[in-house]
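A look at the structure
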Amino acid sequence: MIDLYFFTGILNALTSFSLGLLVFVKGRKPLHRYWFLMGICVAGWSSLFEIERFIMEPGLQLMLSRIEHSFSIWIAAFFLHAIMHAVPAESSARRFVYLKSIYLATLGLFVLVPTPLFIKASKPQPLFDGRLYDVAGPLYFLFPLLYTGVVVYAVALLIKAIRRLPPMHRSPLTL
């Protein structure tokens, strides 16, 4: 039986990489570079996540999961960095400090990824045909916390920038 989830994950990986590459080829500004890096990370995360679903050996699945997370933890930081280049800054010094702290926090998570503090192990889940899933380590909670905070901040910057646009430049769907 064909697993449609596999194809959607691989399609996500191909689309993210292709769009990132297209943006990078069309322009060489920092915005384009960070969007490309984000596309690579989404592609790495999505493709490895889909491959992992077929691995039934716990050690191999754990290794692939840690590599997958090594990609996924950078997505939000690159997204924020691209957004910061796309929208005008009220205080570029404050943004730089915030961005630097985000990168340091992301680097801290990156260092934790290969340890049991981030992902302890892989174990079968009976509800999902015995497929292997990660057992979160005691510091794993930092990942969704950081990811959510960074993405919410980036979206808030976008909304703020859109609201500052003159009415003639806004779309009817503007927030």
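In what follows, the accompanying structure is described. All residue numbers refer to positions counted from 1 along the written sequence of the respective chain. Where local features are concerned, this predicted model is filtered to residues with pLDDT of at least 70; where side-chain atom pairs are given and counted, the filter is 80 or more; whole-chain, interface and lining totals use all residues. Hydrogens and waters are ignored; side-chain quantities use all the structure's heavy atoms.

**Examining the nonpolar core**
Here is the rule we go by: Grouping buried Ala, Val, Leu, Ile, Met, Phe, Trp, Tyr and Cys residues that are joined through side-chain atoms within 4.5 Å yields what is termed a nonpolar core. Summary of the burial criterion: residues with accessible area below 20% of their type's maximum are buried, those above 50% are exposed, and those between are partly exposed, where the area comes from a 1.4 Å probe applied to protein chains only. Starting at the N terminus, helices and strands are each numbered in turn, a helix being any DSSP run of H or I of at least four residues and a strand any DSSP run of E of at least two. In this analysis, two residues are considered to be in contact whenever any of their non-hydrogen atoms come within 4.5 Å of each other.
Judged by nonpolar contacts, the single largest core of 29 residues is most densely connected at Ile73, Leu80, Leu109 and Phe118. For this core, the secondary structure elements donating two or more residues are helix 2 (30-52), helix 3 (58-86), helix 4 (92-112) and helix 5 (142-164). Element by element, the count of residues in this core is highest for helix 3, at 11 residues. Dropping the residues within four chain positions of it, isoleucine 73 is found in contact with Thr106, Leu109, Phe110, Val113, Phe118 and Phe143.

**What to know about a nonpolar patch on the surface**
What counts is decided by this rule: Grouping into patches uses exposed residues only, defined as over 30% relative accessible area, and leaves out salt-bridged ones; the cut-off is 9 Å for like charges and 5 Å for nonpolar side chains (Val, Leu, Ile, Met, Phe, Trp, Tyr). Each accessible area is a Shrake-Rupley result for a 1.4 Å probe, and residues are judged covered by the shown protein chains and nothing else. Think of a salt bridge as a Lys or Arg side-chain nitrogen and an Asp or Glu carboxyl oxygen that are within 4 Å of each other.
On the surface, Leu104, Leu107, Phe110 and Val111 cluster together to form a nonpolar patch covering roughly 370 Å² of accessible area. Mapped onto the elements of the fold, valine 111 is located in helix 4. Valine 111 sits in the exposed class, given a relative accessible area of 55%.

**A word on the side chain of histidine 69**
Inspection of the secondary structure puts histidine 69 in helix 3. Given a relative accessible area of 4%, histidine 69 falls into the buried group. Apart from residues lying up to four places away in sequence, histidine 69 is in contact with Val113, Phe118, Ile119, Asp134, Tyr140 and Phe143.

**Digging into the environment of lysine 120**
Here lysine 120 lies in strand 1 (residues 119-125). Here lysine 120 is in contact with Leu62, Arg66, Val135, Ala136, Gly137 and Pro138, once residues within four sequence places are set aside.

**With respect to the packing of aromatic side chains**
Note the following rule: Centres within 6.5 Å make a pair out of two Phe, Tyr or Trp rings, where for Trp the six-membered ring is used; the pair is then stacked when the planes are under 30 degrees apart, edge-to-face when over 60, and tilted otherwise. Charges are assigned to positions over rings by a cutoff of 6 Å between ring centre and Lys NZ or Arg CZ, combined with an angular limit of 35 degrees from the ring normal.
Following the criterion strictly, the structure yields 13 aromatic pairs and no others. With centroids separated by 6.1 Å and ring planes inclined at 55°, the aromatic side chains of tryptophan 35 and phenylalanine 79 adopt a geometry described as tilted. Linking tryptophan 35 in helix 2 with phenylalanine 79 in helix 3, this pair joins segments that are 44 residues apart in sequence. Relative accessible area serves as the criterion here: at 28%, tryptophan 35 is assigned to the partly exposed category. An aromatic cluster is defined as three or more aromatic residues linked by ring pairs; in this entry it consists of Tyr34, Trp74, Phe78, Tyr103 and Phe110. The residue whose ring lies beneath arginine 53 is phenylalanine 54, and the NZ or CZ to ring-centre distance is 6.0 Å.

**Let's talk about the side chain of glutamine 61**
In this fold, glutamine 61 is placed in helix 3. Accessibility expressed as a relative area gives 1% for glutamine 61, which makes it buried. Among all residues touching glutamine 61, those that are not within four sequence positions of it are Glu52, Ile55, Ser122, Leu132 and Asp134.

**Comments concerning the pattern of salt bridges**
Considering all chains together, one arrives at one salt bridge under this definition. Between arginine 53 and glutamate 50 there is a salt bridge, with the nearest N and O atoms lying 2.8 Å from each other. In this pair, the class of arginine 53 matches that of glutamate 50, namely buried.

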